[in-house]
Each structure stands twice: as C-alpha cells, then as structure tokens.
Amino acid sequence: MDAIWWIRRDLRLKDNPALSAALSAAERVMPVFILDPLLFDSHRTGELRRSFLLGGIKKLAHDLESRGNRLYVFRGRPLDLLKWLVATTQAAMIYAEEDVSPYAVRRDAEIGAQLPLKLVGLPYVRHPAAVLKSDGSPYTVFTPYSRSWKAIPLPETLPIPEKIPPAPEAPGNLLSGLSVDLASVNFIPGEAEALRRLAHFTQGAAAPIYRYHEQRNFLHLDGTSKLSPYFHFGMLSARQAARAALAALNEAEDDSSRKGVETWLNELIWREFYGQILYHFPNVRKESFRPDLRRIEWRNDESDFEAWREGRTGVPVVDAAMRQLAKIGWMHNRARMVVASYLTKDLLIDWRWGEGWFLQKLLDADVASNNGGWQWTAGTGTDAAPYFRIFNPVSQGLKFDPMGDYVRRWVKELRDVPLDYIHRPWEMPLDLQKKAGCIIGKNYPAPRVDHNFARERVLSAFRMAKS
C-alpha cells in the first residue's frame, strides 16, 4: 500500500505524527507540499516569509533524500491536486497534520468528504479538545487552563525515521525549479537550525532559558529563544520544546533558574491557549471575543495607519519595532505589545488592521497567536488585559530600552540623539537637534498624537461601546 504524506505546517522529520502514521500504515510514502495560492500569494504572505518557507522546503527535501525519498512540490488548489495524485499514484490514504485555523478546518473538511484523508497530530502539545473544564466547555481564562494543561503528562517525542521508502514517481514536481533568496532572511530555515537553537536556549548551566524571566522584556537584549518562526512552519514541534523545558527545569540549580524555565514554559502554554480559543471560537478571526466591545467606533485614519506601518509615527520605540518587522520579518514580543497598543489605543485604529499587517509580514504569522495577542492588547479578547490598561510608549521605551540601543539600531535618524532625549526627541532644544542631525518635523517626524489626549479619547470610545 502507498500513502501520501501531505506536509503543511510540519516541515520536519523528527517528532512528526503524520509521517509516523503514514510509515506505520503504508509500505511506501510520497511526501507532498502544496503551494496553496490562497496562502502563498504576495498579498497574504510577505517576501521574507515566502523565502523562509521555501528555504525550509529545500532543507526538508535534502533530509528526505538522505533517507532514500524525495519531496514533491506542486502549486494549486489542494483538493484538485490531491484528487489527481490519488488517481495517479493509487495511494490508499493521505496523512496530514491537523490545523485549527478556520480556513484549514474548511479545507480539510471538504477534502475529507471526497478523499481518504486522515489527520494525525497538530501544531500543539495538547489537542484543543483535550484540555477542557469539568463541564466539558473550553477554558477562556489562561491561568486555570495552564493548570489543567500542566496536570497532563507530556507525551514522548517520536524519533527520526532511518529510512522512508519512496512511492512511484509522479510528474510535474516543481521542487527543482524553486528559487530561494535567503540573503535578506535573518533566520536560517530548516529543522537542523531549529534544533540547534532549541539546544542553545535550553541546554547547559548557562543556557538563556534560566535568565528568561529577567531578560525577556528588554528590547536591546537577546533574551528570547527566537523559535517562533520554526514553530509556525513546524520545523520544530511544540512537544520537543515543552520536553526541553522540563529537562531544563530538572537541571535548574536554584529558584531563580527554575523561574526562568517556568516563565518560558508558560509562553509555550499561551500559544496552546490561543490555539484552543481559535478552535472553539473561530469567530474571533472576524470580531472581538467580547460581545460588549464589538461596536467600538474606531477612527481608522489611513494616513496614521500608513505612518505606523512604515515606522514614521514620531514615537521612537514604535518606529524602531515597525522597522525591525519590515527588515527581518520578526519583532520582539514586548515590542509587539507596544506597537499594538499604540495602534489601537493611541491612534484608535481597529485591531484587525494591525492583525492583518502582522499576518502578512511576520515569519511566525500564526493565526491563533497573532489574533490572541492583538485582542489581548486591544482589550477585546479572552483573558484580556482591562481595556483601560494603555501602554505609554515613552515609558515602555525608557523601561525596556534604557540606553536607547534598540531605537538607535533601527531608527538611523536618532543614532546621535543624547540619551536624555532618545525616547522623547521632540523635547530636545533646537541646538541639540541640530547637533544630533535630527530636526523634528524635518529629519524625523513629530509625534502624530499626544498620548494623554489619545488615552482619554480611547477610554471614551470603549465606554461608549460598552454602554
């Protein structure tokens, strides 16, 4: 019997339940990746993410060749291509990893109604239906969810298969013609790099995971794992990361080190939490989770949104973060909260505008986590911060970029601004502006809105929506 292994967000060989199931049931396996135009076209996926994905495809193809198989790449509508492949190869079953996005659920239901599709595993440690309250309903608050999540033993990871017997060849493979430009991609794609980064972050007495709770919020420090792009495309499984965290916890030398590990593990569980929210409440993709905040009168000023996208708001930490996103397709998590708060609270622009921009530009543009993060910051989501919690972007910059290193790295106009003014350049006397080569309103924009005024404006808008 032959089987198709339909690869989606699981570009790896180690700990891959769909691949393992295919190998257990079939004598030969055909690995297939489909470039779905609805997901891959430029208006949905930025150049950096496409390059990172294609680089990961190339790396997986190399790993498969080392185990006696080959990767097939096709472009088109998945249902049409899979119908043709099943007819061409006489494959008895298609194995794929489950996903929770509304599009993936609709797509797989349509395919499963017409073809032998078996979904095995998913991009999380726990299935969204596996962690429920005692009455069978889903959790909507993180803390009790995390307690239940932690109470379930972690499953073992699956080894890399030594050999993957190939199915008969099929025509039309696009793999050799894929052009990949990784010159501008800041992250090396592939499973091997993902495993290297995980080991660096979690293994050894000096591993960064033990200082994670102390360093994770500082924008100028390299205190995070930077594994999110690898999670998104499944170059690393969530289960591998969770087990690495538990191993680090067992090796922790003191309470501080244990707190670092526990803090990082909680971040992994937040990812699981948002995945199960999207699974149980798919409407959050289009509307606020909280019904009482679905009628906010957003300003949605196009010129403000353009300035935010391009890092021209006049607020240094916001502009630095947005330019970092444009340059490398990634942004520090603290910066994500700051720019999201600025867009929704200071500029009073609909969180869905920002969510969509992140989905296009981020290497790690996970639908569930992106939606959850934006709604949390906007105050409209489940387990949300109160809507009246509003980040002051200047205070955030002073606290989490105290020497201005992050701002100076990404906003070249501010590189010579004195430390006292790096997060408030509009307060510089004119002679200092000239000396620093940063004339406000000329070399660098003035702030688009006064934060205190914006705070009162957004509070009024939210109160009106609630009433």
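Scroll up for the structure.
This text gives an overview of the structure that appears in the document. Everything numeric in this text was worked out from a predicted model, so none of it was measured.

Counting secondary structure elements, the protein contains 20 helices and five strands. In terms of C-alpha radius of gyration, the protein reaches 23 Å, essentially the compact-globule figure of 23 Å for 467 residues. Based on the C-alpha atoms only, the size of the protein along its principal axes is roughly 75 × 50 × 50 Å. When each of the 467 residues of the protein is scored for burial, the buried share is 55%. For the protein, restricting intrachain contacts to residue pairs at least 6 apart in sequence, the fraction spanning at least 24 positions comes to 78%. Each charge sign in the protein was given a centre, from 63 positive and 55 negative side chains, and these centres are 2 Å apart.

Okay, the nonpolar core next. One finds Ile 57, Trp 264 and Trp 308 to be the most contacted residues of the largest nonpolar core, which totals 133 residues. Here the element with the most residues in this core is helix 11 (residues 255–280); it accounts for ten residues. When residues no more than four places from it in sequence are discounted, the contact partners of Ile 57 are Leu 11, Phe 33, Leu 35, Leu 71, Val 73, Leu 175 and Leu 178.

Contact geometry for helix 10 (residues 238–251) and helix 11: axes closest at 9 Å, N-to-C directions at 160°. Classed by the angle they form, the pair helix 10 and helix 11 counts as roughly antiparallel. For helix 10 against helix 11, the interelement crossing comes out left-handed. When helix 10 is examined against helix 11, the residues Ala 238, Ala 241, Ala 242, Ala 245, Leu 246, Ala 248 and Leu 249 are found in contact with a partner set consisting of Arg 258, Val 261, Glu 262, Trp 264, Leu 265, Leu 268, Arg 271 and Glu 272. Along the lines of polarity and charge, the residues of the contact of helix 10 with helix 11 split into eleven nonpolar, no polar and four charged.

Here strand 1 (residues 2–7) pairs with strand 4 (residues 93–96) via four bridges, running parallel. Pairing of Ala 3 across the sheet is with Met 93, part of strand 4. Where strand 4 meets strand 5 (residues 117–119), three bridges bridge the pair, whose relative direction is parallel. Looking at the pairing, Ile 94 lines up with Leu 117 of strand 5. The parallel pair strand 4 and strand 5, bridged by helix 5 (residues 102–112), forms a crossover whose chirality is right-handed.

Before going further, it helps to examine the environment of Leu 419. Looking at where Leu 419 falls in the secondary structure, it is placed in the loop between helix 18 (405–410) and helix 19 (430–436). For the pair Leu 419 and Leu 398, spaced 21 residues apart in sequence, the C-alpha separation works out to 9.9 Å.

Here we come to empty space enclosed by the protein. Left-over empty space is what a probe sized like a water molecule reveals as it rolls over the atoms. Counting across every chain of the model gives three cavities of 30 Å³ or more. Of the volumes computed, that of the largest cavity is approximately 90 Å³. At five residues, helix 16 (residues 367–378) tops the list of elements feeding residues into the lining of the largest cavity.

Along the chain, Asp 319 falls in helix 13 (residues 316–328). Not counting the four nearest positions on each side in its chain, Asp 319 is found in contact with Gly 311, Arg 312, Thr 313, Gly 314, Val 411 and Tyr 444.

Spatially, five strands are ordered 3-2-1-4-5 in an open sheet, and the strand pairing comes out parallel. The sheet is open, and its two borders are formed by strand 3 (72–75) and strand 5, each paired with just one other strand. Averaged over neighbouring strand pairs, the angle between their axes works out to 30° when direction is ignored. Sitting on the sheet, helix 1 (residues 17–25) touches strand 1, strand 2 (28–35) and strand 4, and the angle it makes with strand 4 is about 155°.

Relative to the elements of secondary structure, Leu 154 occurs in the loop between helix 6 (142–151) and helix 7 (191–202). Ignoring anything within four residues of it in the chain, the contact list for Leu 154 reads Val 125, Arg 126, Trp 149, Ala 242, Arg 243 and Leu 246.

Turning to helix 6, a few remarks are in order. Those residues of helix 6 that sit buried are Phe 142, Tyr 145, Ser 146 and Trp 149. Across the axial projection of helix 6, the buried residues extend over an arc of 100°, all falling on one side. Looking at helix 6, the residues exposed on the side facing more than 90 degrees away from the buried face are Arg 147 and Ala 151. Taken together, the buried residues of helix 6 touch helix 10 and helix 11.

Moving on: the packing of aromatic side chains. By the definition in use, this model includes 23 aromatic pairs. Three or more aromatic residues joined by ring pairs make a cluster, and in this case those are Tyr 139, Phe 142, Tyr 145, Trp 270, Phe 273 and Tyr 274. Over the ring of Trp 6 we find Arg 8; its NZ or CZ atom is 4.3 Å from the centre of that ring. Positioned above the aromatic ring of Phe 40, the side-chain terminus of Arg 50 is 5.9 Å from the ring centre.

Within the secondary structure, Thr 45 is located in the loop between helix 2 (37–40) and helix 3 (47–65). A relative accessible area of 6% places Thr 45 in the buried class. Within the structure, Thr 45 has its side chain in polar contact with the backbone oxygen of Leu 39 (distance 2.4 Å). With sequence-adjacent residues up to four places away left out, Thr 45 is seen in contact with Leu 39, Phe 40, Arg 50 and Gln 360.

Relative orientation and spacing of two packed helices are given, respectively, by the angle between their axes and the distance between those axes. Remark: helix 13 packs on helix 14 (residues 333–346), axes separated minimally by 9 Å, with the N-to-C direction vectors making an angle of 115°. One way to sum up the angle between helix 13 and helix 14 is to call them roughly perpendicular. The element helix 13 and its partner helix 14 pack so that their crossing is left-handed. Contact residues: Val 317, Val 318, Ala 321 and Met 322 in helix 13; Ala 335, Val 338, Val 339 and Tyr 342 in helix 14.

Rules used in this analysis
Per chain, the residues get numbers from 1 upward, laid out in the order the sequence is written. Under the rules for a predicted model, residues below a pLDDT of 70 receive no local features and side-chain atom pairs below 80 are neither given nor counted, while totals for whole chains, interfaces and linings still include all residues. Neither water nor hydrogens contribute to the side-chain values; these are computed over all heavy atoms in the structure. By definition, any uninterrupted DSSP run of H or I lasting at least four residues is a helix, any uninterrupted run of E lasting at least two residues is a strand, and each is numbered from the N terminus. In this description the radius of gyration comes from C-alpha coordinates, and the expected globular size is given by 2.2 Å times residues to the power 0.38. Exposure categories follow from relative accessible area, calculated using a 1.4 Å probe and restricted to protein chains: below 20% of the type maximum is buried, above 50% is exposed, and the middle band is partly exposed. Here, residues are in contact when the closest pair of their heavy atoms is within 4.5 Å. A residue counts as positive if it is Lys or Arg and as negative if it is Asp or Glu; His and the chain ends are not included. Lys charges are placed at NZ, Arg charges at CZ, Asp charges at CG and Glu charges at CD. Buried Ala, Val, Leu, Ile, Met, Phe, Trp, Tyr and Cys residues form a nonpolar core when they are joined through side-chain atoms within 4.5 Å. Angles shown run from 0 to 180 degrees and are taken between the N-to-C directions of axes, each axis being a line fitted to C-alpha atoms and, for helices, limited to the stretch in contact. Each angle is binned into one of four classes, with values under 35 degrees roughly parallel, values over 145 roughly antiparallel, values of 65 to 115 roughly perpendicular, and all other values oblique. What makes a crossing left-handed is the near helix being turned counterclockwise from the far one by less than a right angle; a clockwise turn instead makes it right-handed. Residue type decides the class: Asp, Glu, Lys and Arg count as charged, Ala, Val, Leu, Ile, Met, Phe, Trp, Tyr, Cys and Pro as nonpolar, and the leftover types, Gly among them, as polar. When DSSP finds two or more bridges between a pair of strands, those strands are recorded as paired. The handedness rule is simple: strands pointing away from the viewer, and a clockwise path from the first strand over the helix to the second, make the crossover right-handed. In this analysis the probe radius is 1.4 Å and the grid spacing 1 Å, with only protein atoms considered; a cavity is a set of points the probe fits into but cannot get out of, a pocket is an open set with protein on both sides within 12 Å along at least five of seven lines, and lining residues have an atom within 4 Å of a point. Grid points are joined across faces, edges and corners, and a volume is the space filled by probe spheres set on the points. In this context, the arc is that of the directions from the helix axis out to the C-beta atoms. For Phe, Tyr and Trp, where Trp contributes only its six-membered ring, two rings pair if their centres lie within 6.5 Å, and the inter-plane angle classes them as stacked under 30 degrees, edge-to-face over 60, or tilted in between. In this scheme, the term charge over a ring applies when either NZ of a lysine or CZ of an arginine sits within 6 Å of the ring centre and within 35 degrees of the ring normal. Here a polar contact is taken to be a pair of N or O atoms separated by no more than 3.5 Å, where protein atoms must pair a possible hydrogen donor with a possible acceptor and residues adjacent in sequence count only if both atoms sit in side chains.

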